[in-house]
Protein chains: 2
Amino acid sequence: MTAMSSLRLGAAAAMAGSRRGNLTVRMSFRAMSTSQKAPDNPDERIALAAELKPIHDVLADRVKITDPDSYALYGRYKAKLDVNFAKQPAKGKLVLVTALTPTKAGEGKTCTSVGLADGLNKLPDTTAIAALREPSLGPVFGVKGGAAGGGYAQVVPMADINLHFTGDLHAISTAHNLLSAMIDNHIQWNAKPQLDVRRVEWGRVLDMNDRALRNVTLGLGGTGDGVPRQSFFDITVASEVMAIFCLATDLEDLKTRLGNIVVGYTRGGKEAVTCRDIGAEGAMTALLKDAFNPNVVQTLEHNLAVIHGGPFANIAHGCSSVVGTRAALALSDYVVTEGGFGADLGAEKFFDIKCRKAGLAPSAAVIVATVRALKLHGGVDAKELTTENTQAVRDGMPNLLRHIENVAKFGVESVVSINRFPTDTEAEIQVVKDLCKELGVDAVVAEQWQHGGEGALELAKAVQGLCDKADTSKFKPLYPDEMPLVDKISTIATELYRAKGVDISKEALTKLKRFQKDGYGHLPVCIAKTQYSFSDDASLVNAPEGHTLHVQDVRLAAGAEFVVVLTGSVMTMPGLPKRPSALDITVNENGQISGLF
Amino acid sequence: MTAMSSLRLGAAAAMAGSRRGNLTVRMSFRAMSTSQKAPDNPDERIALAAELKPIHDVLADRVKITDPDSYALYGRYKAKLDVNFAKQPAKGKLVLVTALTPTKAGEGKTCTSVGLADGLNKLPDTTAIAALREPSLGPVFGVKGGAAGGGYAQVVPMADINLHFTGDLHAISTAHNLLSAMIDNHIQWNAKPQLDVRRVEWGRVLDMNDRALRNVTLGLGGTGDGVPRQSFFDITVASEVMAIFCLATDLEDLKTRLGNIVVGYTRGGKEAVTCRDIGAEGAMTALLKDAFNPNVVQTLEHNLAVIHGGPFANIAHGCSSVVGTRAALALSDYVVTEGGFGADLGAEKFFDIKCRKAGLAPSAAVIVATVRALKLHGGVDAKELTTENTQAVRDGMPNLLRHIENVAKFGVESVVSINRFPTDTEAEIQVVKDLCKELGVDAVVAEQWQHGGEGALELAKAVQGLCDKADTSKFKPLYPDEMPLVDKISTIATELYRAKGVDISKEALTKLKRFQKDGYGHLPVCIAKTQYSFSDDASLVNAPEGHTLHVQDVRLAAGAEFVVVLTGSVMTMPGLPKRPSALDITVNENGQISGLF
């Protein structure tokens, strides 16, 4: 959100004085001094200046939850809902927020999701909940960027959400690493089934950007210190445990899926060895038990937000937890959720993996676009983004229009939300509206960053209109379960990416055949592809056609229940930049943290 | 506590029916079904059967805290107190619980601490708080053994305390590993001051028993994946961050100490490179901010317990946090706290490191002894412990008597607490009482395991008596700050361990000279020695004399502010046993965890 934030500094600074400038900072359980220097970053300043309501008041006010047995407080402004809410009947309608193909200009999916939920809450007799992903610690210390919306469409308490929150990621790391330790202990004691140390596919994780851990040799030292072998660390959000956590429907399902994880193979690759063979799934589930209860916080407008789970959007499905979404659907009229990256990845995985497996049927989709991003897809240089250029917008529109068409293929109707920047002109916006209209889709301007829910009111009404006429029985995944894995890949590539075909490496093909033979052919596929193009080549922006999708490798996620399809190298352990943002983060003697954005 | 637990099964089973058998299990924020099968382990069964009070009621009832701004709830039964309580004037008296030299028979320090606090709370108009260490996750999955007391002297909620609790250990791991990632990032970008990759002394940590991580090679892969070098992982409680966390007096002190950590040296060992040179101390403090607020839970008798911090007792000082102790002293008449291992290590470090640095003056010490342990020190075979043998008790008494003498050298008076087992005979107990009496020290029988605070009432009265007549101005550490490091080691070895001298390796002596020259000579020393003997030879039980203490290596803990003295190999990353207890831990569909003891 950094690009957006700095661009909007002027407007926000003017507003902060009038709207929220005089409120007490209260980020911890003890009210903070108000003499703090205001941070330079407007997102951070707005978040810090916000006056929060106790979360139990928000629960009582917005969703009529008053029984203290049904939630657990984590401080005054965070709580965990009993996961059993996820088993109650859904009363709400599910809305997906997705986006055009991302560019350097940023899109603002989370900001739009929060603003839309705030906007829906402004409609008469209407409650809406934003169901979002929880951020990883890694990026917080690397390149600046909070992951809690922006401007006046944020979830708070910001510092808590961006740091440890309620400890979910720590619980996931610990569960993952318990299995890792038990695997090496299994090898150490030469237990059955005997793992081939060269075929152990389960690494370790840390919620940290730490490139030096990408490739490690462990078990050095001596006979008492493990068996030497090569291994790796991923960042926690890339763990299959995270994907499982987000797809499991209850504790029993969680335990079963954890048990199903394939951790490696016996000598010669003959037999798969599972987490259940190691015996770790019970203790892993015990470690995840509290974390599995969905987290609730509030938006700046004191509406409820569920923030729970946050898997990678490339090697995993990139959606917040099923239990969080279901709990929200049981409690409110609308649930606004998001998928990672553009609609080619985020919406496809949301529909084909999360909705398919969890039995969810979305009522509408919002496709977020910015005039700036359309110009980049239209071929304009990044330096020229602030100059009016209707032709460039027109030239970039094929990207957006293809995403609209793609979403329609799942039986879901969409509205385009133009995330407005001060430099956008009326003429440019009109181009977007006109071309969307030709596809029968409305495009509305949304100004939640500047005005919160009020700024997203038109979007909220458009979404309500779509939901009112939606027939969720028309929702269907792109391909049926029984389609062979290879054909599933082809279907996505040709139907959505508009590739002319798929080139699968020999290694990948061998594995796909084995997965098919071993009984995993019914699983959906999860394509790991660059988010910057419909193709597997990041430089092919806008709406490329006739390209070939190159499948280099595939991986089985037997617990998460999908087959990962790798179309290029995927970084699962980021590194820190030359000047990490951790250098600017600190806390003063009053306990106030600064530098998080 | 396992040995004790099984021995006491009969008595506890009989009691469970009459005292607590019909109470509702309520371990989560939603009341659990009562139809669970009772666990086999009595400690676990008692903990699960306990009816807890909401922690805010315990705070209001026991220490009159009612302002919700002064604490943060973590669920219904855990909270964090505002760390600023640690700055309020102390009104309470500080009591240390320590023990004779540990044996396989177990002593029960934590059980005694909890029971004593419950006993003191039974005295008229008296409040007492137990200030204890928080357990590490590692042992939970390795060899069975909860770390929350035992029998009817436990702190609850047991499962929470033994698993993630309020996330403190995760915060400490993350802060530690952020520094690690920033160090390798510093090396990757060749930043100044230039670290010698062979002289980086800062490893990584996980809160897990994982022997395969003891020795690792990291930075493999290629130029973008770090600089290859050998490194290591410790378990989190062995981290210097944990020691700092426990000794820091406020957030500013925490940040300063973190900045002081020496992470390695430049080429040739010329210059020390600190955490401040890397720039990590601000972000580390931000990560620790919430964790730094002391945790409060309750005993089975609904008295308050502070459980905060838990450093290793060998390479660190083995005491719970200074801020937790100080907060407790501000809130109650008595604070009962403990040190790790026997008094030669635990009491010495408590007095010479924690009390010295934090300006605390204890009013009394309790030395826990068991008839069984005395028999082992007296030379009896472990299989013969249940047979009456007054001579063996008499033969083992020199161990206990020496601990009593040693504690007196700090100007602190003590009482011996005989942690009673069903097989102890009156004659055996009388031997202990008589020989203690000769030194002018009372020995009282304590039955908190069987009877909670009621069972520790005589002990509580004895402690109250000592405190009433205590003159805390007589408390003094064993050696002055200005004594040279080498002499500090000698003083402890000869005065407390009764060694005839110290043999310091050439390498250690060189380092000690450098520390002295670099301005660290004023720090206390922290001796890492086997807990099973006054000497550095674990086989020399009872009260050896005339031995030599062999100092093999020393390490600077510039942030924690002590010099670690290694007298043998110290395991800082445990391994899992052939059959880890994780195999027995699971959670049922109602979210009830079993197998934790």
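Owing to the predicted nature of the structure, the values given are computational and were not obtained by experimental measurement.

Reading the values: the criteria
- Numbering of residues begins from 1 in every chain and follows the order in which that chain's sequence is written.
- Here every chain gets a letter starting at A, and every ligand a number starting at 1, in the order they are written.
- Totals for whole chains, interfaces and linings use all residues, but because this is a predicted model, local features are given only for residues with pLDDT of at least 70 and pairs of side-chain atoms are given and counted only at 80 or more.
- By convention in this description, side-chain values take in all heavy atoms of the structure and omit both hydrogens and water.
- A fitted line through C-alpha atoms represents every axis, and for helices the fit uses only the stretch in contact; the resulting angles, taken between N-to-C directions, go from 0 to 180 degrees.
- Counting from the N terminus, the helices are the DSSP runs of H or I reaching at least four residues and the strands are the DSSP runs of E reaching at least two.
- Small angles under 35 degrees read as roughly parallel and large ones over 145 as roughly antiparallel, with 65 to 115 read as roughly perpendicular and the rest as oblique.
- Contact criterion: two residues are considered in contact whenever any of their non-hydrogen atoms come within 4.5 Å of each other.
- Lys, Arg, Asp and Glu make up the charged group, whereas Ala, Val, Leu, Ile, Met, Phe, Trp, Tyr, Cys and Pro make up the nonpolar group; the residues left over, Gly among them, are polar.
- Accessible-area loss on putting two parts together, using a 1.4 Å probe and summing over both, is the definition of buried area adopted here.
- Definition used for salt bridges: Asp or Glu carboxyl oxygen within 4 Å of a side-chain nitrogen of Lys or Arg.
- A least-squares superposition brings the copies together, and it is based on the C-alpha atoms of residues with pLDDT no lower than 70 in both.
- Strands qualify as paired when DSSP identifies two bridges or more between them.

A.B. asks: Got a minute to help me understand the packing of helix H20 (residues 485–496) of chain A against helix H21 (residues 506–520) of chain A in this structure?
C.D. replies: If you want to describe how two helices pack, look at the angle between their axes and the distance between the axes. Residue and element names in this part refer to chain A. Viewed as axis vectors pointing N to C, H20 and H21 meet at an angle of 120°, and their least axial separation amounts to 9 Å. Comparing the axis directions of H20 and H21 gives the class oblique. Seen from H20, the contacting residues are Leu485, Val486 and Ile489; seen from H21, they are Leu509, Leu512, Phe515, Gln516 and Tyr520. Taken together, the residues that form the contact of H20 with H21 break down as seven nonpolar, one polar and no charged.

A.B. asks: It is not clear to me how the interface of chain A and chain B should be interpreted in this structure. Could you clarify?
C.D. replies: Many structure descriptions define interface size as the accessible area lost when the parts assemble. Each side of the interface is counted separately: chain A has 78 residues, and chain B has 78 residues. Counting the surface lost from both chain A and chain B, the interface buries some 6,700 Å², and carbon and sulfur atoms represent 62% of this. Summed over the shared surface of chain A and chain B, the number is six salt bridges. The partner of B:Asp225 in a salt bridge is A:Arg214, and the shortest N-O contact between them spans 2.7 Å.

A.B. asks: Explanation requested: the relation of the copies chain A and chain B in the structure shown.
C.D. replies: For these two chain copies, the linking operation is a rotation about an axis paired with a shift along it. With an axial shift of 0.0 Å and an RMSD of 0.0 Å, the rotation relating chain A to chain B amounts to 180°. Such a turn and shift between the copies fits a two-fold axis. The overlap is high: 100% of the interface residues of chain A also sit at the interface in chain B, so the same surface is used on both sides.

A.B. asks: Sorry, what's going on with the sheet that holds strand E7 (residues 195–200) of chain B here?
C.D. replies: The strands that make up a sheet pair up through hydrogen bonds in the backbone, lying either parallel or antiparallel. All names here are of chain B. Judged by pairing direction, the sheet is antiparallel, and its three strands sit side by side in the order E7-E12-E13 without closing on themselves. For this open sheet the edge positions go to E7 and strand E13 (272–274), each flanked by a neighbour on one side alone. Going across the sheet, the axis of each strand differs from the next one's by a mean of 50°, ignoring polarity. Pairing of strand E12 (residues 262–266) with E13, which is carried by three bridges, proceeds in the antiparallel orientation. In the sheet register, Gly264 faces E13, and the bridge partner there is Val273. On the sheet, helix H8 (residues 168–188) packs against E7 and E12 and is oriented at approximately 130° with respect to E7.

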